[in-house]
Amino acid sequence: MKDDFGRNIRYLRLSVTDLCQMRCLYCMPAEGVQKLEHDSILTVEECIEVCRVCAELGVNKIRLTGGEPLVRRGIVDICRGIARIPGVEELCITTNGLLLPKYAADLKAAGVTRVNLSLDTLDPEKLRRITRTGNVTDVLAGLEAAEKYFGHTKINSVLIGGINDDITDMVALTRDRDIEVRFIELMPIGECSDWPEERFVSAEAILKRVPQLEYIGDKGVSMLYQVPGWKGRVGLIRPMSHKFCSACDRIRITADGKLKPCLHSATEIPLKGLHGEELKNTVASAIKAKPQSHLMDETHHSDSLRGMSGIGG
Ligand code: SAM
Ligand code: SF4
């Protein structure tokens, strides 16, 4: 359905848990987040119901995220239930990859169409520093599982000035593999909201350091590049240096069932406990009232009440 500004809302990002095995500096506090009360999170059935209602209202793409979606108990059942909903054409997962070797086959069989994997650097020391707990070998095993079961895979790589802004080795991943490495500008939200300016680097500036990349076109919010003759591609996602609000087609639902019409707004509409027509009407009014735009890129401040681990990106 369309919101009050004529944007056709077709993309839902559903967070299925706040929890994660990693502790990325920009996303999670070192000690992790406090576990949500079991009764406050959407059950497997509620996750599926809320997706069905969104599909009835015109959503055709759903992404499961978190925290780390693969640590959620019942994740395969959630995927199977959502994949069967009429109107859902794409069911994707964004993951840190650690549990993909274990779950990729089951997720594929359950109807997941694609996975995006987060990997900020191939340098073992830097990855440990950024994620506090992760290691490159385990994430690369997840990448192999993603490629084996889902083919074309996108890697999300958040750029942090002074830490992982040498992207040469990440770009080199696209030489022989059908991979799209997407460099994402760090947003000042949650854990990194008061980080110094030099940590927030423009994706375009970083890209200039790899002059062999050629621009090949735009796709959605991503600007695409390729090294001529290489198999994969490189994408740039620039939430800080460009505003995408006029074309924004997404809504978000948190693990505790709060609908966020805009990532950077404080507005949260509670859905937990609602069912049937009441749930559908509430989701429909939330979509209609999606704000026209946020000011995060100008004010360098997000009004969101939660950090990324509580929203799902
Ligand atoms: N745990 C999963 C993962 O890491 O892919 C899913 C959840 S994570 C919150 C989703 C994405 O948000 C990841 O690619 C992560 O790098 C990105 N992210 C987290 N905090 C961010 C920030 N402040 N700015 C930009 N991207 C961020
Ligand atoms: Fe976990 Fe993903 Fe946040 Fe890293 S970005 S701490 S992997 S939820």
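Described below are features of the structure shown in this document. (Residues numbered from 1 in each chain as written. Chains lettered and ligands numbered in written order. Predicted model: local features only at pLDDT ≥ 70, side-chain atom pairs only at ≥ 80, totals over all residues. Heavy atoms only, no water.)

## A look at the site of ligand 2
Next, step 1: Every residue near ligand 2 is listed here: Cys-20, Met-22, Cys-24, Cys-27, Met-28, Gly-67 and Asn-96.
Next, step 2: Tallied by class, residues from the shell around ligand 2 come to five nonpolar, two polar and no charged. (Near = heavy atom within 4 Å. Nonpolar A, V, L, I, M, F, W, Y, C, P; charged D, E, K, R; others polar.)

## Describing helix H8 (residues 276-288)
Every α-helix carries 3.6 residues per turn, so stepping three or four residues along brings you back to the same face.
Next, step 1: The first and last C-alpha atoms of H8 sit 19 Å apart over 13 residues, in line with the 18 Å expected at 1.5 Å per residue.
Next, step 2: The set of residues buried in H8 consists of Leu-279, Thr-282, Val-283, Ala-284, Ala-286 and Ile-287.
Next, step 3: Residues of H8 that are buried in the fold lie against helix H1 (44-56), strand E10 (250-253), strand E11 (258-260) and strand E12 (269-270). (Helix = DSSP H or I, 4+ residues; strand = E, 2+ residues; numbered from the N terminus. Expected span 1.5 Å × (residues − 1). Buried < 20%, exposed > 50% of the residue type's maximum accessible area, 1.4 Å probe, protein only. Contact = heavy atoms within 4.5 Å.)

## Looking at the pattern of salt bridges
Next, step 1: Applying the stated criterion across every chain yields a total of 13 salt bridges.
Next, step 2: Between Arg-10 and Glu-90 there is a salt bridge, with the nearest N and O atoms lying 4.0 Å from each other. Taken together, the residues Arg-10 in the segment before strand E1 (11-15) and Glu-90 in strand E3 (residues 90-95) connect sequence positions 80 residues apart.
Next, step 3: In this structure, the salt-bridge partner of Glu-56 is Lys-280, at a minimum N-O distance of 3.3 Å. With a gap of 224 residues between them, Glu-56 in helix H1 and Lys-280 in helix H8 connect regions that are remote in the sequence.
Next, step 4: Residue classification places Lys-280 among the partly exposed residues on the basis of a relative accessible area of 21%.
Next, step 5: Overlapping salt bridges bring together Asp-256, Lys-258, Glu-268 and Arg-306 as one network. (Salt bridge = Lys/Arg side-chain N within 4 Å of Asp/Glu carboxyl O.)

## Focus: the site of ligand 1
Next, step 1: In the vicinity of ligand 1 there are 18 residues, among which Gly-67, Thr-94, Ser-118, Met-187 and Met-308 approach most closely.
Next, step 2: Ser-118 places a side-chain nitrogen or oxygen 2.5 Å from an oxygen atom of ligand 1.
Next, step 3: Expressed as a share of its isolated accessible area of 550 Å², the protein-covered part of ligand 1 is 94%.
Next, step 4: Of all the secondary structure elements, the ones that give two or more residues to the shell around ligand 1 are E3 and strand E5 (153-159).
Next, step 5: Tallied by class, residues from the shell around ligand 1 come to seven nonpolar, nine polar and two charged. (Polar contact = N/O pair within 3.5 Å; in protein donor to acceptor, adjacent residues only side chain to side chain. Areas by Shrake-Rupley, 256 points an atom, 1.4 Å probe, with all protein chains shown as cover.)

## Some details on the packing of helix H2 (residues 75-83) against helix H3 (residues 100-110)
A pair of packed helices is characterised by two quantities: the angle between their axes and the separation of those axes.
Next, step 1: In contact at an axis separation of 8 Å, H2 and H3 are set at 20 degrees when each is read in the N-to-C sense. In this view, H2 runs roughly parallel relative to H3, as classed from their interaxial angle. The handedness of the crossing between H2 and H3 comes out as right-handed. Touching Val-76, Cys-79, Arg-80 and Ala-83 of H2 are Tyr-103, Asp-106, Leu-107 and Ala-110, all from H3.
Next, step 2: Here the contact of H2 with H3 is built from residues that sort into six nonpolar, no polar and two charged. (Axes fitted to C-alpha atoms, helices over the stretch in contact; angles between N-to-C directions. Parallel < 35°, antiparallel > 145°, perpendicular 65-115°, else oblique. Left-handed = near helix turned anticlockwise from the far one by under 90°.)

## A short note on the layout of surface pockets
Next, step 1: Volume-wise, the second largest pocket comes out at about 410 Å³.
Next, step 2: Around the second largest pocket sit 14 residues that line it, and Lys-35, His-38, Ile-41, Arg-72 and Arg-73 are the ones nearest its centre.
Next, step 3: In terms of residue class, the lining of the second largest pocket is made up of seven nonpolar, three polar and four charged. (1 Å grid on protein atoms, 1.4 Å probe; cavity = no way out; pocket = protein on both sides within 12 Å on 5 of 7 lines; lining within 4 Å. Points joined across faces, edges and corners; volume = space filled by probe spheres on them.)

## Things to note about the environment of Gly-66
Next, step 1: Along the polypeptide, Gly-66 turns up in the loop between strand E2 (61-65) and H2.
Next, step 2: The exposure class of Gly-66 is buried, given its relative accessible area of 6%.
Next, step 3: With 243 residues separating them along the chain, Gly-66 and Ser-309 place their C-alpha atoms 6.1 Å apart.

## Details of the packing of H1 against H2
Next, step 1: Interhelical geometry of H1 versus H2 gives an angle of 25 degrees and a closest axis separation of 9 Å. Looking at the two axes, H1 sits roughly parallel to H2. For the pair H1 and H2, the sense of crossing is right-handed. Of the residues in H2, those in contact with Val-44, Cys-47, Ile-48 and Cys-51 of H1 are Asp-77, Ile-78, Gly-81 and Ile-82.

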